[in-house]
Each structure stands twice: as structure tokens, then as C-alpha cells.
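Secondary and tertiary structure notes
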Amino acid sequence: MRLLVRILTIGLIIAMAFSFILPLYWMLSGSFKLQTVTMSLPPEFFPENPTLGNWERLFTGPWPVWRWVLNSIAVSLLTVFLVLLVASMTGYGFGKKKFPGSNILFIILLTTMFLPNQVMLIPLFLLVRTMGLTSTLFGTYFAMALPIIPSPFGVFLVKQFCITIPDELLDAARIDGASEFGIYYRIALPLLRPALAALAIFTFNQSWNNFMWHMVLATDKFDYTIPVGISYIARTPAFGKMVTDIGLSMAGGTFGELFMIIFFLMFQRYFVKGITFGAVKG
Amino acid sequence: MQESAALRRKIWKHRGDYLFIAPGYIVFIAFMLVPLLFAIGLSFYKASFNLSAREFVGFLQYRRLFQDSVFLKALVNTVTYTLVIVPATIAVSLFIALSIDPLNTRVQAFFRAAFYLPTVAGGVVLSIVWLWILNPTYGLLNYFLGWFGVEPVSWIATTPHSFWAVCLVVLTFTIGEPIILFLAGLAAISRELLESAVLEGASNFQITLRIRLPLIRPVMLFILATQTIRVFQLWEVIFMLTQGGPSNSSTSLVFLIYQTAFIAARYGKASAIGVVLLLIIFVVTLLQMRLWKESDL
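Residues numbered from 1 in each chain as written. Chains lettered and ligands numbered in written order. Predicted model: local features only at pLDDT ≥ 70, side-chain atom pairs only at ≥ 80, totals over all residues.

1. Some remarks on the overall build of chain B
Regarding its fold elements, chain B presents 14 helices and two strands. For a compact globule of 297 residues, the expected C-alpha radius of gyration is about 19 Å, and chain B comes in at 24 Å, more than 25% above that figure. Overall size of chain B, expressed as C-alpha extent along the three principal axes, is 70 × 70 × 30 Å. Considering chain B as a whole, with its 297 residues, one finds that 41% of them fall into the buried category. (Helix = DSSP H or I, 4+ residues; strand = E, 2+ residues; numbered from the N terminus. Rg over C-alpha atoms; globule rule 2.2 N^0.38 Å. Buried ≥ 20, exposed ≤ 12 C-beta atoms within 10 Å, placed from the backbone.)

2. Things to note about the overall build of chain A
Looking only at helices and strands, chain A features 15 helices and two strands. Since a compact globule built from 282 residues should have a radius of gyration of about 19 Å, the 24 Å found for chain A marks it as more spread out than a globular shape. When its C-alpha atoms are laid out on the principal axes, chain A stretches across 75 × 70 × 30 Å. In chain A, 74% of the contacts between residues at least 6 apart in sequence involve partners at least 24 apart. (Contact = placed C-beta atoms within 7 Å.)

3. Observations concerning the packing of helix α4 (residues 65-96) of chain A against helix α7 (residues 137-145) of chain A
Residues and elements named next belong to chain A. Look at α4 against α7: their axes get within 9 Å of each other, and the N-to-C directions meet at 60 degrees. In terms of orientation, α4 and α7 fall into the oblique class. Here α4 and α7 pass one another in a crossing that is right-handed. Across from Ala74, Val75, Leu78, Thr79 and Leu82 in α4, the residues of α7 making contact are Tyr141, Phe142, Met144 and Ala145. When the residues that make up the contact of α4 with α7 are grouped by side-chain class, the tally is eight nonpolar, one polar and no charged. (Axes fitted to C-alpha atoms, helices over the stretch in contact; angles between N-to-C directions. Parallel < 35°, antiparallel > 145°, perpendicular 65-115°, else oblique. Left-handed = near helix turned anticlockwise from the far one by under 90°. Nonpolar A, V, L, I, M, F, W, Y, C, P; charged D, E, K, R; others polar.)

4. What about the interface of chain B and chain A?
Across the boundary between the two partners, chain B contributes 73 residues, which contact 70 residues of chain A. The dominant element in the side of chain B that touches chain A, judged by the number of residues it contributes, is helix α5 (residues 105-133) of chain B, at 17 residues. A per-class count over the side of chain B that touches chain A returns 58 nonpolar, eleven polar and four charged.

5. Brief notes about the nonpolar core
Val83(A), Val158(A), Leu199(A), Phe182(B), Leu241(B) and Ile273(B) are the most contacted members of the largest nonpolar core, which totals 154 residues. Looking at this core, the element that brings in the most residues is α5(B), giving 15 residues. (Core = buried A, V, L, I, M, F, W, Y, C linked by C-beta atoms within 7 Å.)

6. Points about the environment of Tyr116(B)
Residue and element names in this part refer to chain B. Following the sequence through the fold, tyrosine 116 ends up in helix α5. Overall, the presence of 22 C-beta atoms within 10 Å leaves tyrosine 116 in the buried class. For the pair tyrosine 116 and threonine 260, spaced 144 residues apart in sequence, the C-alpha separation works out to 33 Å. Ignoring anything within four residues of it in the chain, the contact list for tyrosine 116 reads Gly176 and Ile180.

7. Looking at the domain arrangement of chain B
Residues and elements named next belong to chain B. In terms of domains, chain B is made up of domain 1 (2-60) and domain 2 (62-294). Its C-alpha centre places domain 1 at a distance of 33 Å from the equivalent point of domain 2. When residues of the side of domain 1 that touches domain 2 are traced back to their parent elements, those giving at least two are α2 (15-42) and β1 (45-46). Here the side of domain 1 that touches domain 2 takes three residues from α2, the largest share from any one element. When its residues are assigned to classes, the side of domain 1 that touches domain 2 shows eight nonpolar, two polar and one charged. (Domains from an automatic or database assignment.)

8. Here's the deal with the domain arrangement of chain A
With domains assigned, chain A is organised as domain 1 (2-58) and domain 2 (64-235). Placing a centre on the C-alpha atoms of domain 1 of chain A and another on those of domain 2 of chain A gives a separation of 37 Å.

9. Some details on the environment of Asn209(A)
Locating Asn209(A) in the fold gives a position in the loop between α11 (193-208) and α12 (211-217). Judged by local crowding, Asn209(A) falls into the buried class, with 22 C-beta atoms found within 10 Å. When residues no more than four places from it in sequence are discounted, the contact partners of Asn209(A) are Pro227(A) and Gly122(B).

10. Some thoughts on helix α13 (residues 253-263) of chain B
Most of α13(B) is tucked away: nine of the eleven residues are buried. Those residues of α13(B) that sit buried are Leu253(B), Val254(B), Phe255(B), Leu256(B), Ile257(B), Tyr258(B), Gln259(B), Thr260(B) and Ala261(B). Taken together, the buried residues of α13(B) touch α6 (117-131) and α12 of chain A together with α4 (69-100), α12 (236-241) and α14 (267-294) of chain B. Residue Ala265(B) follows α13(B) closely and has a positive phi angle near 55 degrees.

11. Re the packing of α4(B) against helix α8 (residues 176-187) of chain B
Residue and element names in this part refer to chain B. Interaxial distance between α4 and α8 falls to 9 Å at its minimum, and their mutual angle equals 50 degrees. What the angle tells us is that α4 and α8 run oblique. Here α4 runs over α8; the crossing is right-handed. Here α4 contributes Thr89, Ile90, Ser93, Leu94, Ile96 and Ala97 to the contact with α8, which in turn contributes Pro178, Ile179, Phe182, Leu183 and Leu186. Tallied by class, the residues present in the contact of α4 with α8 amount to nine nonpolar, two polar and no charged.

12. Observations concerning the environment of Ser250(B)
Residues and elements named next belong to chain B. Inspection of the secondary structure puts serine 250 in the loop between α12 and α13. Each C-alpha atom of the pair serine 250 and threonine 159 lies 8.3 Å from the other, and the pair is 91 residues apart in sequence. With residues near it in sequence (within four places) discarded, serine 250 still touches Asn77, Ser162, Phe163, Val166, Ile238, Thr242, Gly244 and Gly245.

13. Notes on unusual backbone geometry
All names here are of chain B. Of the consecutive residues threonine 159 and proline 160, the connecting peptide bond is found in the cis state with omega at -5 degrees. In this fold, proline 160 is placed in the loop between α6 (140-147) and α7 (161-174). Unusually for a residue other than glycine, asparagine 248 sits at a positive phi of about 60 degrees. Tracing the backbone through its elements, the reader meets asparagine 248 in the loop between α12 and α13.

14. Structural notes on the confidence of the model for chain B
A low pLDDT score tells you not to read the predicted coordinates there in detail. All names here are of chain B. Averaged over chain B, the pLDDT score is 90; the fraction of residues at 70 or greater is 98%. Taking the mean pLDDT of every element in chain B, the minimum, 82, falls on helix α1 (residues 2-13) and the maximum, 95, on α4. Predicted complex metrics record ipTM = 0.89 and pTM = 0.91. (pLDDT = per-residue confidence, 0-100.)

This is the structure in C-alpha cells:
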């Protein structure tokens, strides 16, 4: 009886895993199907006459897909760099130093974690527009990174991780005459590496999927990031009619997610660490 | 007088420490606090593309919002989305986590990755393929439902199906994180405790109900808080699938903010909607904090 329940549960879980992955498989296989096949029933679960036409249209269409990849990578790396810089220093300050008001200042910072980002986007948009930030390439990248740079989660994560750094180590360096900044830079920072890696992955993913803000800022097709670009392709009617080019959409979607999925499979450990940090004791 | 002088001396003594948190605080003030105050200020104005021509209108935007049927629809929808998606997410992810917890580490890691993949792909990419799956004539979902004798449903274009279609698609990528969190919570439960319960003759179901669930309550509250905030900010799937339609039946507050601010350029009204959303999230978070306190997290 117990065994039967066990087998049934596992069967159910496998079925669920399949159904959660099915959309991704459907997209991948759809990217190799002809338009007539994508619109016919019964559906082909394995493309019988696979075509590369969709991928060809994706790469030769009137849109710079590789440029979008470059934009996404550049924006995400810039965001990660700035977040690590700010969060590691601030988190270290809160984690390893006791000064008047440190508790209340930390709590104020932490509560901003609950602010809905979209409220700030309106003023930030007006600010970016007034300053004309998007007129240069680097300015555009910087503007796209802006709303994510203050990372209360990052500060929290680094502060928590500082507990693992023994105070004696820092004091020993102080006795040896190291400057406070030198202690942070030479001793604390290397020890914080696991936390910073998890934060970097988390931020990279967050920046990559920052859809609304990127879409609002990018007025030129060359400034699109990957999600903005592929959503643009998917929403553009094809064949001169009000029909979506399904095969092309699927090729675009597959292309768009490919980088993030490879990235995830490479750094899975850090993804898990970033998610569970602070939420689970022990 | 003496105290404040002592405090000032103390602060001065620690001046180096403040330098460490200064970059963080400057960034927070510049890119979070100031924009937030600016948005609150803007909500008392009528402001359009030409910002210098703005006009002070007091609470007019707010008064109008609560007579605006589209806003009220978005408000009700946002709450309903949360009430549907968050419990469903917790139930499904808890079931999956409890089922794969006893498996060995490798198999567990495999399932964890499989269920997390949709989250990695993100709402935009998933919506693209779901648009095809949900198609009324040649979509996969209606095809599968046809096996059970269900008539084809026009998922995107009819009420209330578009609302449920959004819920379904969102659910496919909200469960990834909670599964990982639940699994970590379950793994932290001491083995000895579970073994002694088995020795005393407790059934698996009893162990889950009496030991596992109470012990992962803090994790569950954390998931409840983060997922609630996330679903309150739901918009990308709506943008990709339904554009809020048909006739605003699937719209949400954040989608409305997007439309009002970045399509219609009515910054005052959009800010007012934002402030309402902010207040709702604030109140809900406070309520949940009480729950946290009770379970001394």
C-alpha cells in the first residue's frame, strides 16, 4: 500500500515535470516547423519535415538580434558590477561595524525591499528623459541599469554572510596597521566571494528580465534588449496579414531563453544559494 | 545637552564607518527615495508629456480613480490574481517539494532544475509559446482538452477565460523558487527527529502533518510574503497575452500604470495608481509581518 502511494506520487511528479517543461519543448520543436504545420491539427510532437527557415528568417530579418544579445549582456554586466560594488561595501559596513544608528539605518534600507519598483519608474523615466541619458550608448546602458542598482536584498545578503568572517581576523589586520578600506578590500572581500557570486547571478537574471523598463527606454531597435526584441518579433504580424509567424516567434523565443538557460545550468549551485539565502536557517 | 554632545562625539569617532555605508545610502536616496517622493508629489498634479505645463489639482486624481471603472476593475483583478495564484503556488510547490524530498540528492537536483527552468526562461519568453498553446483553433491546450470532450475555448479573447489563462501561465513560472525554498527548509529538519518519530510508530502522513509542516512554517511565511508582492506587480504576461482585455477583464494595477504612464503619458494619474498600489502592498506586508512575529522568525 505504502509502496503503491509512493509509486503513484512519483508518477504524478514526473508527469508534472513534463507538463512544466512541455511549453519549452514545444517552443524549441516549433522553431523547426513550417507555418502550415504549426497551424494544423493534430499537432506534430516531433517535427516530421524539420526546416531551418524560421531560424534563417530570425537571423536575416530587419532586426539586429546579435546586437540585442550584446545589449542584454552589457546592461546585465554593468548592473552586476555596480550592485556588487555598492552592496558589498554597504553590507560589510552594516555587518562588521557598530556605530550610532546602524540598526535603524539598516532597517530603513531593508523595508525598501517591499517597494513596488514600477512606482519609481515614472520619475526615473522623466529624469532620464530630461537628462537626455539615452542619447549615447553608454548612457542608455546606464539608464537601463538604474532601477536595480539600489539592491536592499544584496545589502542584506552580504550583511548576513559577514557573520562567517571572524572579528579576530580583522583585528589582527588592524594591529598589523592595515587601513580600514584595505581590510575590507584585501580580507573581507575575498571571504565574501560565495555570497557575492550568488548575488551576481541573482542580479544578472533580474537585469536580463527587466522588461518594462528596457522597453520604455529603448525607442530605437538597436537599443532593444533580448526580451524587448523577441517580444517585438512575436507581436509583429507576418505575411502581410494579421497572422503571427509562429515558427519565427518560436525561434526568437528559443534564441532569447537560450543564454539564460545555459547560464543557469552552468551556475545552478549559485542560483540555489541566492534563492535560499536568508530564508532558511541551518 | 551633554548627551547630544556625547552622541556627536560618538558619531564623529565612528565617521570612518559611515563611509562604508555612504555609497549604498547615496544610491538608495538618489534612485529610490527621491523618485518615490517625486512620484507621490506628482500624484497631486495633472502632468503630461510637457512636464513644465503641469497643474496642481490636489486629491483630484485619487478622487477620480475611485470613480474610474477601469481602475476599480484593475484593483479587483490584482487582488483576485493574488488570491488565486499565491495559494495555488504554495500548494503546488509544497506538494512537489514534499514528494521529491525523500528522493536521493541527484534525482532531487534533477527535478529541482526541471521545475525551475520555466522561471529561468521568464514570463516574456513563456508568454510567446503560450500564445500558441492557447490558440483556439490550433493550440495544444484545446487539443488536449478535446480528448476529454471539452469544446474549444477562446482563451485569450473571451471573459473570464483570459483571466484564467493569465493565472495558468503565471503559475508555470512562480513555483520554481518556492520548490527550492521548501526543499532547503525540509533538508534543514534534523534527521534524528524524523527517525525517532518513525521509531515511535508515526505514519509518514502524521510526520508530515505534525513535524515537517510546523517546522517549515517560517519558510512558508517567507514565500507567502515574497510571492504576494510579486503577484501584486504582475504585468508582463498580461502585456504579452491579453493586453488587459477583453474589455479590461484581465488587466492589473501595474499594467494600468504602464498604459497610463508610458502609452498615454498621463504621469499624474499613473503616479496616483502607483501610490495606491504602494499603500496596499504596505498594509499587506505589515499584516504578514505580524504573522512572522507570532512564529518568532
